[in-house]
Amino acid sequence: MAEKISFEAPRGMRDFYPEDMVWRNKVFDAFRASGEAFGFMPYDACVVESYELLARKAGEEVGEQIYHFFDKSERHIALRAEMTPTLARMVAQRQKELRFPLKWTTIAQCFRYERMTKGRKREHYQWNLDIIGEDSVLAEAEVIGAAVDALKRMGLTSADFKVRVSSRKFLGELLAKSGIPAEKHAQVFLALDKRGKMPDSEIAAMLRDGGLGEADVAATFAIMDTKSYAGCAELEELFALAATAGFADCLQFDISVIRGLSYYTGIVFECFDTAGEFRAIFGGGRYDNLLTTIGGEPTSAVGLGFGDVVVTELLKSRLGESAASGKKGVSVGFMTDAERDAALRLATSLRSEGEQVDLALKPSKPKKFFSNADQRGSAKAVYIGPDDVSSGKARMKDMTTREEKELSLV
RNA sequence: GCGGGAGUAGAUCAAUUGGUUAGAUCAACAGAUUGUGAUUCUGUGGGUUGCGGGUUCGAGUCCCGUCUCCUGCCCCA
C-alpha cells in the first residue's frame, strides 16, 4: 500500500474545483470579451523562460522571488513572474517584420515565490494588454478603457472602483521645479509610494536618509499634496479622452501613484475598490524601455496587468458568493434499466437541439434524481419511468417554478 | 524576512480549565416511500483531536519542535 501523501496543493498553488471554475470563467470571459471589443490580438507563449531573461528584466531582489531550476542539460530555467519580458522577447525577435503599433493581449499564468497574503498567491493569472510602438495618449485611454470595460462586464460600476492616474514625467517636472536634483528623484518616488502607509515623520526621515536637505523635504511634502494635474498636457489629454469615451467617472488624479521602482516612464495608473478593502485590481502605465533592456530597438509602449485573484475576491464580496452560478441545462434520469435507452435517446435529441444535458449514469429513485438535479444546478429535469416509455410521453419539469411540460419520447 | 492568532467528524463548533468510551447540529448514506426535489420520523457510517516528541498514574487540554491556515508589516506580478 502506497504511503499517504498530503492532499493539499503545494503552498501558494491553486486548485480550481467546479465551483471555483465558475468564477474563473466569469472573469476570463470578461477579459476576452473586452480584449476583443477593443481590438487587441490574442497571443500566448511558453510559461518557462530562461532565467537570464527574467532576472535581467526584474532586477533587484525580485530575482529571489523567481521559481527557477536547472534542466537536464544544465540550462537555467525559470517560471515567468510576469508577461512583460516574454512579450519584449517575442516583439524583439520579429521587430523588423511587425507592423506597429501592436495591440496584443493574453491571459498568462504567472509564478512568484513569496510570502502569501490576502489577494496574493504564488500563482495567478494575469490579463495583459499592451500597445507597442505608439506615443499617442489615446493608447493609454484605450488600455484603461478596456480594463474598465472588463470590470463593467463582470457586473461592477464606477461606484465600486476608481482608477487612480498620475504621470512620472509630471512628477519629475514638479520635483525639478522645486530644485530637487534628478538623482534624488528615485528616493522621492519611494517615499511618495509610502504616503498613507507610514507616518509623515518617518517619510521625512527616509528622505533625509536619502540625502535631501530640509528645504527639499518640505518641497517634497508640498508636491505630495498636489491635487491638480493642470499643466500636465498628457494627463489633461487622457482625462479629455476618457470623457469622450464615457469612463471619466472612473478616473481620479492621484500624484502618489508610482508603481514601485519599476520601468514606467510616463503615465501610470492603478485601480482600487472604492471601499479600500482590497489590493490593487489592476495597474500599468507607459514604459519606453521595453525592448532596449533586452537589446532591441527603442520602442514606446503602454501596458496593463490585471490579476484574477483580487478581482474575484472583490466580485464575491460585492455580488455574493453564489452570483456566478445560474441554473442551466437539463438533467435526464430514469427509474430502471428498462428506461435507460429511452433516456439516452432523449438526451441525444436534446443535445442535438443545443441543450446542455446531464444524463444520469444509472437508475435512481425520483426523490434522489430530483435532489441531485437541484444540487448540480440544472434548470430543468426529465424523469423517465416505465409508464412514460409505454405512453411515449414524458414531462419536463422547470426546477424553479416546478411547472411540468409534456414532451414526446423518440 | 518580522509579529499576532488558530488547527477536534465532510462543514460549523462543544468537551465543566489535566480525569473514564471525544459530543452536538448540519451534511452524507439507508429506510418509512416502486412515479416526481424544500416537511416529518427512524436508522447507519463517519475521528491516529494537523504531525512528531516530552511531562504525567492519566493529555484534545500543559511544554518543545514541525507543518498548515488566517491576520498585520516588509515587498511587489
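The numbers attached to residues start from 1 for each chain and follow its sequence in the written order. Throughout, the order in which chains and ligands are written sets their labels, letters from A for the former and numbers from 1 for the latter. Where local features are concerned, this predicted model is filtered to residues with pLDDT of at least 70; where side-chain atom pairs are given and counted, the filter is 80 or more; whole-chain, interface and lining totals use all residues. For side-chain calculations, the full set of non-hydrogen atoms in the structure is used, while hydrogens and water are omitted.

Asks: Run through the state of the cysteines, naming residues and quoting values.
Replies: By definition, disulfides here are pairs of cysteine sulfur atoms that lie within 2.5 Å. Under the counting rule described, the total for this entry stands at zero disulfides. Take cysteine 271: it sits in no disulfide, and the sulfur closest to it among the cysteines is that of cysteine 250, at 8.1 Å. With a 1.4 Å probe rolled over the protein chains alone, any residue whose accessible area is under 20% of its type maximum counts as buried; one over 50% counts as exposed, and the rest are partly exposed. Cysteine 271 sits in the buried class, given a relative accessible area of 0%.

Asks: How would you summarise the sheet that holds strand β3 (residues 68-70) if you had to cite specific residues and measurements?
Replies: Taken in spatial order, the three strands line up as β2-β4-β3 in an open sheet, and their pairing is antiparallel. Because the sheet does not close on itself, it has two edges, and the strands there are β2 (48-50) and β3. Ignoring strand direction, the axes of neighbouring strands in this sheet form an average angle of 35°. For two strands to be treated as a pair, DSSP must find no fewer than two bridges joining them. Only DSSP runs of H or I covering at least 4 residues are called helices, and only runs of E covering at least 2 are called strands; the numbering of each starts at the N terminus. Across three bridges, the pairing between β3 and strand β4 (residues 76-79) is antiparallel. From the neighbouring strand, histidine 68 faces β4, where its bridge partner is alanine 78. Geometry is summarised by axes, namely lines fitted to C-alpha atoms with helices restricted to the contacting stretch, and by angles between N-to-C directions that run from 0 to 180 degrees.

Asks: Kindly report on the protein's contact with RNA strand B, identifying the contributing residues and their values.
Replies: Put simply, a residue is near a molecule or strand once any heavy atom of it comes within 4 Å of that molecule or strand. Lining the immediate surroundings of RNA strand B are 32 residues, of which Arg11, Arg120, Gln126, Asp387 and Asp388 lie closest. Any N or O atom pair separated by 3.5 Å or less is treated as a polar contact, with the protein-specific requirement of one donor-capable and one acceptor-capable atom, and with residues adjacent in sequence counted only for side-chain atom pairs. In the environment of RNA strand B, a base nitrogen lies 3.0 Å from a nitrogen or oxygen atom belonging to the side chain of lysine 397. Methionine 399 places a polar main-chain atom, nitrogen or oxygen, 2.7 Å from a base nitrogen of RNA strand B. Those elements that provide at least two residues to the surface near RNA strand B are β6 (123-132), α12 (366-376), α13 (386-391) and β15 (393-398). Here the surface near RNA strand B gets five residues from one element, more than from any other, and that element is α12. Its residues placed into classes, the surface near RNA strand B shows seven nonpolar, four polar and 21 charged. Classification used: nonpolar for Ala, Val, Leu, Ile, Met, Phe, Trp, Tyr, Cys and Pro, charged for Asp, Glu, Lys and Arg, polar for all others including Gly.

Asks: Give a description of the packing of aromatic side chains that names residues and reports values.
Replies: Working definition: a ring pair exists when centres of Phe, Tyr or Trp rings (six-membered ring for Trp) sit within 6.5 Å. Plane angles under 30 degrees give stacked, over 60 give edge-to-face, the rest tilted. For the structure on display, the rule yields 18 aromatic pairs. Pairing tyrosine 264 with tyrosine 287 gives two aromatic rings, centres 6.1 Å apart and planes at 75°, and the pair type is edge-to-face. One end of the pair, tyrosine 264, is in the loop between β8 (251-253) and β9 (267-273); the other, tyrosine 287, is in strand β10 (residues 282-287), and 23 residues separate them in sequence. A connected cluster of aromatic rings, assembled from ring pairs, spans Phe16, Phe28, Phe31, Tyr125, Trp127, Phe269, Phe282 and Phe306.

Asks: I'd love a proper account of helix α5 (residues 168-177), names of residues and values included.
Replies: All of the buried residues along α5 are Arg168, Phe170, Leu171, Gly172, Leu174 and Leu175. Residues count as neighbours in contact if any of their non-hydrogen atoms are within 4.5 Å of one another. Here the buried face of α5 lies against β7 (161-167), α6 (185-194), α8 (214-224), α9 (233-245), β8 and β9. With a side-chain oxygen positioned 3.2 Å from the backbone nitrogen of lysine 169, the residue opening α5 is serine 167. Glycine 179 occupies a position one or two residues after α5 and carries a positive phi of about 85°.

Asks: Tell me about the packing of α5 against α6, residues and numbers included.
Replies: Close contact between α5 and α6 brings their axes to 11 Å; oriented N to C, the two are set at 115°. Accordingly, the angle class assigned to the pair α5 and α6 is roughly perpendicular. Regarding α5 and α6, the two cross each other, and that crossing is right-handed. Contacts from Arg168, Leu171, Gly172, Leu175 and Ala176 in α5 reach His185, Val188, Phe189 and Leu192 in α6. Per-class residue counts for the contact of α5 with α6 are six nonpolar, two polar and one charged. An angle below 35 degrees is read as roughly parallel, one above 145 as roughly antiparallel, one from 65 to 115 as roughly perpendicular, and any other as oblique. What makes a crossing left-handed is the near helix being turned counterclockwise from the far one by less than a right angle; a clockwise turn instead makes it right-handed.

Asks: Which residues make up the sheet that holds strand β16 (residues 404-408), and what values go with them?
Replies: Backbone-to-backbone hydrogen bonds join strands into a sheet, with any given pair of strands oriented parallel or antiparallel. The strand order across the open sheet built from five strands is β13-β12-β14-β15-β16, with neighbouring strands paired in mixed fashion. Here the strands that pair on one side only, and so sit at the sheet edges, are β13 (357-359) and β16. Put simply, the sheet's adjacent strands are angled 25° from each other on average, direction ignored. When strand β12 (residues 330-334) meets β13, the two strands line up parallel, connected through three bridges. Looking at the pairing, valine 330 lines up with valine 357 of β13. This element, helix α11 (residues 340-352), spans β12, β13, β14 (380-384), β15 and β16 of the sheet and lies at about 165° to β13. In the packing of α12 onto the sheet, the strands contacted are β12, β13, β14 and β15, and the crossing angle to β14 comes to about 160°.

Asks: So, unusual backbone geometry: which residues are in play, and what are the values?
Replies: Residues phenylalanine 100 and proline 101 are joined by a peptide bond in cis, for which omega reads 0°. Here proline 101 lies in the loop between α3 (84-93) and β5 (102-111). Despite not being glycine, glutamate 74 has its phi angle at roughly 65°, a positive value. With respect to the element layout, glutamate 74 can be found in the loop between β3 and β4. Judged by its relative accessible area of 60%, glutamate 74 falls in the exposed class. With a phi angle near 70°, arginine 402 is a residue other than glycine that sits in the positive phi range. Looking at the secondary structure, you find arginine 402 in the loop between β15 and β16.

Asks: Before we move on, could you go through the environment of glutamate 277 and cite the residues and values that matter?
Replies: By the element assignment, glutamate 277 lies in the loop between β9 and β10. We classify glutamate 277 as partly exposed; its relative accessible area is 45%. Along the primary structure glutamate 277 and arginine 259 are separated by 18 residues, whereas in three dimensions their C-alpha atoms are 19 Å apart. If we skip the residues at most four places from it in the chain, glutamate 277 touches Ser317 and Arg318. Among the polar contacts made by the side chain of glutamate 277, one reaches the side chain of arginine 318 at a distance of 3.5 Å.

Asks: Could you give an account of the nonpolar core, naming the residues involved and the relevant values?
Replies: Judged by nonpolar contacts, the single largest core of 69 residues is most densely connected at Leu151, Met154, Ile281, Phe282 and Phe306. Broken down by element, the residue count for this core peaks at nine residues, all from helix α4 (residues 138-153). Setting aside its immediate chain neighbours within four residues, phenylalanine 306 contacts Phe31, Tyr125, Gln126, Trp127, Ala147, Leu151, Met154, Ile281, Phe282 and Val311. Membership of the second largest hydrophobic core comes to 18 residues, among which are Met83, Ala108, Ile132 and Leu291. We call a set of buried residues a nonpolar core when its members are Ala, Val, Leu, Ile, Met, Phe, Trp, Tyr or Cys and they connect through side-chain atoms within 4.5 Å of each other.

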